[in-house]
Structure formats: structure tokens, C-alpha cells
Amino acid sequence: MAELPTFNIENLRFLIVDGDENMRNVVVNILQTFGVRERFEASNVEEAFKILKDYKPDIIVCEWELDNISGVDFTKKIRKGEDYSDPMVAIIFLTAHTYKWQIENARDAGITEYLSKPISADTLYSRICSVIENPRPFIEGDTFIGPDRRRQHDPFKVGNARRESDKSGGEDGDGEISDDEINAMLGM
Amino acid sequence: MNAVFVIKVARKDNTEKYKTFEDSSKAGPFWARLFKRAMEVTGQNGGEIKTEMFDADETDAEAAEKAVIAGKAEKVKSSKVSSPPNLKNKVRLFGNVVDAKVLKKAQKVIDDRKDDFILWANEDLDRLFKCLEILKKAGADKKSVLDRAFKSAYQITCRGGAFGYDLITRIGDHLCKVILALDDVSSSDIKAMQVHVNAMRVVIVQKLEGDGGALGKEVIKGLDDVLMKIEKR
């Protein structure tokens, strides 16, 4: 693993959402060792929304497999701003699911980072660093709400296939358009 | 009347700009470039840019723009690009930083719970064993039993590798995939699940850490074949 930056993250506020109490404790203990002061835990989505509303965490570490609704649906609800949650909150998805379609589903739901279980201190910290160092523009399109999915270094590693859903805010081709025209439209 | 496409850009400072296209094939590429640039601009300078494309049933550009302003044009698509929350403001580069020493200490938090993992795995394996016993009986609510079995298999998968038991994570992952691929449960499916549970039990009893070496490879190869057969059905 490449050398990670040395950040002091004690002021970041975390919410860990995982129905597995044992693994939730492990993540909480790791964050504690990282110096994080405010660590909130939720075993289900209802508890999570209450914490989101009351404490406004900066980063959510969320498991895919939750009771009642999945972490993917939970992410979609957050991105839509349901229950007064901050739609732009960073979501690190923590899961043992490894099928390509599952990773794509999570990405299209609007997660920020994907972290495959089993977890290690290094891998969790590397995703936290990525959220801090590489914030991506937040898109609210007709069919997608979440951080820009098309960054150069794709954290999801699922290839660069174009999706139909991208058309809400995506590229339809280049054409012969000058940068001046584009900048003028954007008031640059 | 002809359709005229209008692209509208609105910024947070309330400035609005319009561009009209009598040739619809040119509106798409312009939209794409605009969107890409909007992402660059918000990424660099912050702010918020809202772009919308309208289809106006008008004969000329001026009338189409007026139709959009009057709310009489049909919206084709829209997107809003905003600068993301900047967590760097809450992060410092001094004081209680996460360095190699802290990472090592944090990893020890996980490693110190290795014995707990064995307990948890045995509990999950007992639950899986009970699920299989229920599935063997006629009249069982198979879906709910499979859901319970999946939960236990998934927990083992999530936990194993974290505590050095990579092989059990791979077997657990296999079992999850087998369960997800099942529509109904035949006696051969139960046998397939049983093979996985037995294999995981061996890993725990023998405390086979890591990938299990040559034996581990052989086990995974055999389970690959089982999964392939089920997924092909």
C-alpha cells in the first residue's frame, strides 16, 4: 500500500452503521485509536437517521447488509435528503460483497468510497484519507444523486463502461465546441 | 412549429444564461461539455451550477428562450453540480496524527480479538448447522431459513480475514454466493451448503490461519466447482 498521509482526524465526526455488533465495535475501536473523539453507532437505519439528524456526522461507515433495508437503499435515502439528513455526507461502504454488479449498485446509489471486508486499520484509514484528499463534485441529476462517479482513479475498479443513467448529466459526444463558449455559459 | 432546444445555466449568485439550438443534435454535445466543465469549475472554485435542457415548441431562438423563462417549455433533463463538503477544514497536520505507529496500534486492536473471532465463528457455524437441519425437514419456511443462514455465512465472511483467517472468509463468501443463487432448495443444495459448513468447521477446529496453503487451495477449487454448477442452473 502506498504511504498514507498523516492527518489528525480527531475533529471528524463518524457514524458507524452495522447490524453486527462485534464488527461495529472493532471499527469503533480502530477509530478511537485514530484519535477520533465523536463516534456514533447504529445497528439499523432508524437509529442511523436519528443520529444523522441530531449530530450531523462528517463520515458514515456503512455495512451493506442491514436489517429491513439494505445499505444501498439507505444511501439512496440519504442522497435524497430524507429525514433531514445531509445529502452530501461522505459514505464509506464496508462490505464483503464482491460481485461486480454489487459494486456498481453501490456506486450508482451514491456512495463515496467502497471498502471490501475483511477490514484492516490501513485500508480503513486509506479510505478516510481519500474522502479528505479527493472530494468530488456532488451531482444531483434526474437519475443519479451522489459524488461524481467518473473520476480518473476509479475506487470501484469496475471499468469505464458508459451507463445509460449517465445521460442525465453525462457526455453525449464532444462535437466542435469551443472552450470560450462553454466558459461564457458558466460566467467564467 | 419546430422544436428548439434551450440550455439554461443558473449559478448560486442568481445569474442565468441561455443557449438555444435549432439543431437538436448539437444540443447534446454542448450539454456534455458544459457538464464536464461545470464539474471542473465547482471542484476548483466551489459554488453550485445548475444546468437544464428544455424542448420548446417555437420557431426561433428568441421565442424559445422566452418560453423557457415563462415556464412554457418542456424540461428534458437537468443536473446540479455542487462543491463537496471540504473535510480538510476539520483535519490538521499536527498533534494527534495517524502515522505508522498509530496504524500499527489500531491493527493490534483487531489482532487482539483473534480468540473472540473463534468464539463468534463457532456460534455462527452452530446457527448454520441448525439452519441445515431445519431445511432438511419438510414444510420448513425455506426463505426465512436461507435468510438466517446467509446472515451467519456473511458474518463469518466479514470477520474471518480481519483476524487472519482468510480461508474461512473465502469459504464463507462461496457459501453466501451459493445461498444467493438458490431459488428453491433441493437435497443436493443442502449437501452443497453442508460441504461449506464442514469446511469452515475444519478451518476453525484446526485454526488454519492465512489461505490454508495447499489444502486451502484444494478446498477452494472444489467449492468453485460446486458454486459453478449451482450458478449455471
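See the structure above.
I will try to describe carefully the structure that is included in this document. (Residues numbered from 1 in each chain as written. Chains lettered and ligands numbered in written order. Predicted model: local features only at pLDDT ≥ 70, side-chain atom pairs only at ≥ 80, totals over all residues. Heavy atoms only, no water.)

Before going further, it helps to spend a moment on the sheet that holds strand β2 (residues 38–42) of chain A. All names here are of chain A. Across the sheet, 5 strands lie side by side as β2-β1-β3-β4-β5; this open sheet has parallel pairing. Strand pairing shows two members of the sheet lacking a second neighbour, β2 and β5 (113–116), which therefore form its edges. Ignoring strand direction, the axes of neighbouring strands in this sheet form an average angle of 20°. By the bridge criterion, 5 bridges tie strand β3 (residues 59–63) to strand β4 (residues 90–95) in an arrangement that is parallel. Residue Cys-62 lies in a different strand from β4, and its bridge partner there is Phe-93. (Pairing = 2+ DSSP bridges. Helix = DSSP H or I, 4+ residues; strand = E, 2+ residues; numbered from the N terminus. Axes fitted to C-alpha atoms, helices over the stretch in contact; angles between N-to-C directions.)

Axes are the key here: two packed helices are described by the angle between their axes and the distance separating the axes. All names here are of chain A. Between helix α2 (residues 45–55) and helix α3 (residues 71–79), the least distance of the axes is 12 Å, while the angle of their chain directions is 30°. The angle between α2 and α3 places the two elements in the roughly parallel class. In terms of crossing hand, the pair formed by α2 and α3 is right-handed. On α3, the residues touching Val-45, Ala-48, Phe-49 and Leu-52 of α2 are Phe-74, Lys-77 and Ile-78. Residue composition of the contact of α2 with α3, grouped by class: 6 nonpolar, no polar and 1 charged. (Parallel < 35°, antiparallel > 145°, perpendicular 65-115°, else oblique. Left-handed = near helix turned anticlockwise from the far one by under 90°. Contact = heavy atoms within 4.5 Å. Nonpolar A, V, L, I, M, F, W, Y, C, P; charged D, E, K, R; others polar.)

Attention now goes to unusual backbone geometry. Residue and element names in this part refer to chain A. Pro-118 follows Lys-117 through a cis peptide bond whose omega is 5°. Although it is not a glycine, Asn-68 sits at a positive phi angle of roughly 70°. Within the element layout of this structure, Asn-68 appears in the loop between β3 and α3. Residue classification places Asn-68 among the exposed positions, given a relative accessible area of 71%. (Buried < 20%, exposed > 50% of the residue type's maximum accessible area, 1.4 Å probe, protein only.)

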